[in-house]
Amino acid sequence: MEPALGGIARLRLWYVLKTLLVGYGYGWQAVANQDACDLCIVPWDCPPVSITGQRPMVMLPVLESTLIDPERFQPQRILRSGGVVVFTTGERVTDDEPLWVHGPGDLRTLRFDLLAMAFWLLTGSHETHSPRGNTIRVERDNILVREGLLMTPILEEYSEVLFGTFKDQAPPWPRWKNKARYAVTLTHDVDFPSFIRWIAAAKFLLVQRDPLKMWRDLFAKAPDYWLFNDVIAEEGDRGLRSAFYFASVPGKWANLAKGTLDTFYDIADQKFLSLFEQLRSQGFEIGLHANCQAHTSEQQFSRELQTLIQYRGGGSDCGNRHHCWLLDPANPNETLAMHARIGLVYDTSLMFHYFNGLRRGTVLPFHPFDASRNEAIQTLQLPPVCMDDYLFTYRILNNIHDPLTHLGDWLAIGQRFGGLLMVDYHSHFFHPVRFRRERASYLYFLNRLQEDDMVWVATPMEIAKHWLEREKGIAKESFDEY
Ligand SMILES: [Zn+2]
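Residues numbered from 1 in each chain as written. Predicted model: local features only at pLDDT ≥ 70, side-chain atom pairs only at ≥ 80, totals over all residues.

Brief notes about helix H9 (residues 228-237)
Rules: As a rule, residues whose C-beta atom has 12 or fewer other C-beta atoms within 10 Å are exposed, those with 20 or more are buried, and those in between are partly exposed; C-beta atoms are placed from the backbone. By the criteria applied, helices consist of DSSP H or I runs no shorter than four residues and strands consist of E runs no shorter than two, each listed in order from the N terminus. What the arc describes is the spread of directions from the helix axis to the C-beta atoms. What counts as a contact is two residues whose backbone-derived C-beta atoms lie within 7 Å of each other.
Of all the positions in H9, only Phe228, Val231 and Glu235 are classed as buried. All buried residues of H9 project into a common sector of 65 degrees when viewed along the axis, lining one side. Exposed residues on H9 whose side chains face more than 90 degrees from its buried face are Asn229, Ala233 and Asp237. Against the buried residues of H9 lie strand S7 (182-190), helix H10 (270-281) and helix H15 (436-451). Backbone geometry just downstream of H9 places Gly239 in the positive-phi region, at approximately 75 degrees.

The following block contains the structure:
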């Protein structure tokens, strides 16, 4: 890295580089001498260097201003260059622009600032935030949604461009256990372990705006939503284990006025304690389903976590998913930073509120970035790719013709990019009558996994621990500064 790249830009470049390198499976060694490096990172307007070294060299110019203030980069269009998505503010763009300028000798210089674009994506600088929370309209305007990029692992494409040429010289670290090509992890948000008439009706009225279903739920015979044995049996019989996320504090009706639908159950009840025992003894994971208000108070969030750990047992390592994906709507990264401060091993909440897919352009675990401290956040993010409700209730919005095909498409993406598919099905969606199609789609997915010998299916905690170990191993082989 050119010494001219200093200060904040340098710290942020290292964050991006390490994120991409660890994802790809390479270590690093920083060198001062341009002749000795494989990738040479220089300021955007750096004059062409004269290369005397023997090795092929890749020159990556970076625009410091995008790294320092990524939110000022507001691309309106995309183009495809050399097989990758490039974001551009330019007026006149065409597809298939060359990605590289060649020469002299073996030197290749990247024409687009992929590193700054990766930073822009990883930090969510493409997201519009509003203190009132995300709406369909806000999310539909997001460039990833608008351009149909939610199923494109843009960062993994960038890594292939940047590091793919070295694959023959040095094989990358294997990404997953058991020589698997990709990984899948199955999770269940526990929102309705029992049917609560008023909440179900309120959800149809306020969230889904479906008065017919509201009236049905107000007068229906209560369905049995305690379906845990069913889920355990279907997964267990196939040799699969998943995670269940439980809310640890009963909700408040008053929060309805704030536009959030809490969960209403108490994990101190004996039936939950027996369930926890059963899940743990059979190798299933129990994580936290943080309350909609968790992001407003670190103290409350920490108390929720400790309460879950106390009732659940089994040590302090814990993962989390926010109910309704609700990070701080005005500043999601601040909630992500909070995760590390309260001691979560991983979180898995970074998905748009109304759309399936990759909110930050990657299908791999990663550490989000704390811009106020200029450092990676310790708590690992396992980005979700797919939730049951979006396959059905929000199918048209998500442009999904057939839910089963959509699930198959994710499996293909997992295979092609060696990614992690984090999938979320609510436990009450296992009801055989009320959610017949949702349940059938989940069983279809389980069957596909059972038939596939290229996949490693593990609980999110197993995935997170594996990734953190792997990351440590890669860092141990690396040298930060010269
Ligand atoms: Zn939930």
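A word on the pairing of S7
Keep this limit in mind: We treat two strands as partners when DSSP finds at least two bridges between them.
For S7, a buried count of nine out of nine residues is recorded, marking the element as mostly surrounded by other parts of the structure. What you see with S7 is no split at all: Tyr182, Val184, Leu186, His188 and Val190 on one side and Ala183, Thr185, Thr187 and Asp189 on the other are buried throughout. Here S7 runs beside strand S17 (residues 455-457); their pairing, made up of three bridges, is parallel. If you follow Val184 over to S17, its bridge partner there is Val457. As paired strands, S7 and strand S16 (residues 420-424) are joined by five bridges and run parallel to one another. By the bridge assignment, Val184 is partnered in S16 with Leu421. Pairing analysis gives four bridges linking S7 to strand S8 (residues 243-246), with the strands arranged parallel. For Asp189, the partnering residue across the bridge sits in S8 and is Tyr245.

A word on the nonpolar core
What counts, and what does not: By convention the nonpolar core is taken to be a set of buried residues drawn from Ala, Val, Leu, Ile, Met, Phe, Trp, Tyr and Cys and joined through C-beta atoms within 7 Å. Those domain boundaries reflect an automatic or database domain assignment.
In this structure, Leu13, Val16, Leu20, Leu115, Ala118 and Phe246 are the most contacted members of the largest nonpolar core, which totals 123 residues. Of all the elements, helix H1 (residues 7-24) adds the most residues to this core, at ten residues. Looking at which domains feed residues into this core, each of domain 1 (7-166) and domain 2 (177-476) gives three or more. Once you skip the residues sitting within four places of it in the chain, Leu13 turns out to touch Met1, Leu5, Ile41, Val62, Leu67 and Leu115.

Overview of the pairing of strand S9 (residues 285-290)
What counts is decided by this rule: Place the viewer so that the strands point away; then a crossover is right-handed whenever the path from the first strand over the helix to the second strand goes clockwise.
When you tally the buried positions in S9, you get six out of six residues, the bulk of the element. As judged from the four bridges shared by S8 and S9, these two strands associate in the parallel manner. Opposite Phe246, over in S9, you have Leu288 as the bridge partner. Bridge count between S9 and strand S10 (residues 319-322): three bridges; the pairing is parallel. Paired with Ala290 across the two strands is His322, which belongs to S10. Once you follow S9 into helix H11 (residues 298-312) and on to S10, the crossover reads as right-handed.

Function cannot be inferred from these measures alone, as they are strictly geometric.
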